[in-house]
Amino acid sequence: MMRFDKKERDVLYAYADPDYENTRKRLNMLAALSVSQETKRFIMRINGKLAEAEEQGNYLDIILANPLEHFIDDLNEQDDAWMEYAIQNGVYDKYFERGREENPYE
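Residues numbered from 1 in each chain as written. Predicted model: local features only at pLDDT ≥ 70, side-chain atom pairs only at ≥ 80, totals over all residues. Heavy atoms only, no water.

**Observations regarding the pattern of salt bridges**
How we decide: Any Lys or Arg side-chain nitrogen located within 4 Å of an Asp or Glu carboxyl oxygen qualifies as a salt bridge. Strands here are runs of E lasting at least two residues and helices are runs of H or I lasting at least four, both read from the DSSP assignment and numbered beginning at the N terminus. For every residue, the accessible area (1.4 Å probe, protein chains only) is compared with the maximum for its type, and the residue is labelled buried under 20%, exposed over 50%, or partly exposed between those bounds.
Under the definition given, this model contains 4 salt bridges. Here glutamate 8 ties to lysine 49 by a salt bridge, and the two come within 3.0 Å at their closest N and O atoms. With glutamate 8 in helix H1 (residues 6–15) and lysine 49 in helix H3 (residues 37–56), the pair connects residues that are 41 residues apart, well separated along the chain. No difference in accessibility class separates glutamate 8 from lysine 49, as the two residues are buried. Across the pair glutamate 21 and arginine 24 runs a salt bridge whose closest N-O atoms are separated by 2.8 Å. Of this pair, glutamate 21 and arginine 24 both sit in helix H2 (residues 20–33), 3 residues apart, which is roughly one turn of that helix. Taking relative accessible area as the criterion, glutamate 21 reaches 35% and is therefore assigned partly exposed. You can call arginine 24 partly exposed: its relative accessible area is 28%.

**Points about the packing of H1 against H3**
Quick reminder of the rule: Only the contacting stretch of a helix is used when fitting its axis, a line to C-alpha atoms as for every element, and angles between N-to-C directions run 0 to 180 degrees. When an angle is under 35 degrees it counts as roughly parallel; over 145 it counts as roughly antiparallel; between 65 and 115 it counts as roughly perpendicular; any other value is oblique. Note on contacts: a residue pair qualifies if any of its non-hydrogen atoms lie within 4.5 Å across the two residues. In this count, Pro and Cys sit with the nonpolar residues alongside Ala, Val, Leu, Ile, Met, Phe, Trp and Tyr, while Asp, Glu, Lys and Arg are called charged and the others, Gly among them, polar.
Running from N to C, H1 and H3 point in directions that differ by 80°, and their axes come no closer than 11 Å. Here H3 runs roughly perpendicular to H1, going by the angle between their axes. For the pair formed by H1 and H3, the contact residues are Lys7, Glu8, Val11 and Leu12 on the first element and Phe42, Arg45, Ile46, Lys49 and Leu50 on the second. Split into classes, the residues belonging to the contact of H1 with H3 amount to 5 nonpolar, no polar and 4 charged.

**What to know about the nonpolar core**
Note the cut-off: Note on terminology: a nonpolar core comprises buried Ala, Val, Leu, Ile, Met, Phe, Trp, Tyr and Cys residues joined through side-chain atoms within 4.5 Å.
Membership of the largest hydrophobic core comes to 15 residues, with the highest contact counts inside it found for Phe4, Leu12, Leu27, Ile46 and Leu50. Counting only elements with at least two residues in this core, the list comes to H1, H2, H3 and helix H4 (59–63). Counting residues per element, this core draws most heavily on H3, which supplies 5 residues. If sequence neighbours within four positions are ignored, isoleucine 46 has contacts with Glu8, Val11, Leu12 and Leu27.

**As for the packing of aromatic side chains**
Applied cut-off: Each pair of aromatic rings taken from Phe, Tyr and Trp, with Trp reduced to its six-membered ring, is defined by centres within 6.5 Å and is described as stacked if the planes are under 30 degrees apart, edge-to-face if over 60, and tilted in the remaining cases. Geometrically, a charge over a ring is one whose NZ (Lys) or CZ (Arg) sits within 6 Å of the ring centre while staying within 35 degrees of the ring normal.
On inspection of all chains with the given rule, the structure shows 1 aromatic pair. Measuring from centroid to centroid gives 5.4 Å for tyrosine 20 and tyrosine 59, while their planes differ by 80°, and the two rings are edge-to-face. With tyrosine 20 in helix H2 and tyrosine 59 in helix H4, this residue pair connects regions lying 39 residues apart in the sequence. An identical accessibility class is assigned to tyrosine 20 and tyrosine 59; each is buried. The ring centre of phenylalanine 4 lies 5.2 Å from the NZ or CZ of lysine 49, which sits over that ring.

Remember, this is a structural readout, not a statement about activity or role.
Below, the structure is given as C-alpha cells:
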C-alpha cells in the first residue's frame, strides 16, 4: 500500500472522494488555483501516488482507511527510535525500572 506523509493525508482528508475521477479533478483544480509552484508540485505528487494506487486496485483502501492507522504507525516509529536511543545511552533501565517501582497498582 502507498505511504502518505502527514501533509498528504491532510489534503486527502479534505479533498478525497470514493470516486477516483472526482478526487483527481478536485486535486487538479486545487493545483490550478494555487499560486506557489511548490504547492502545485506537492499536489501533483499526491495525484501521481493516487494514480499508482488506482492502477494497483487499492485506491479505495487508501481513501477509506482509518485516518488514525498511519498516525499510530508514526507513533510506533517514534517509540522505536526513542527505545533505541534510550538503550544506546543507558537510560532505558533507569527510566523503566523507576517507573515499575513507583506504580502502586502492579
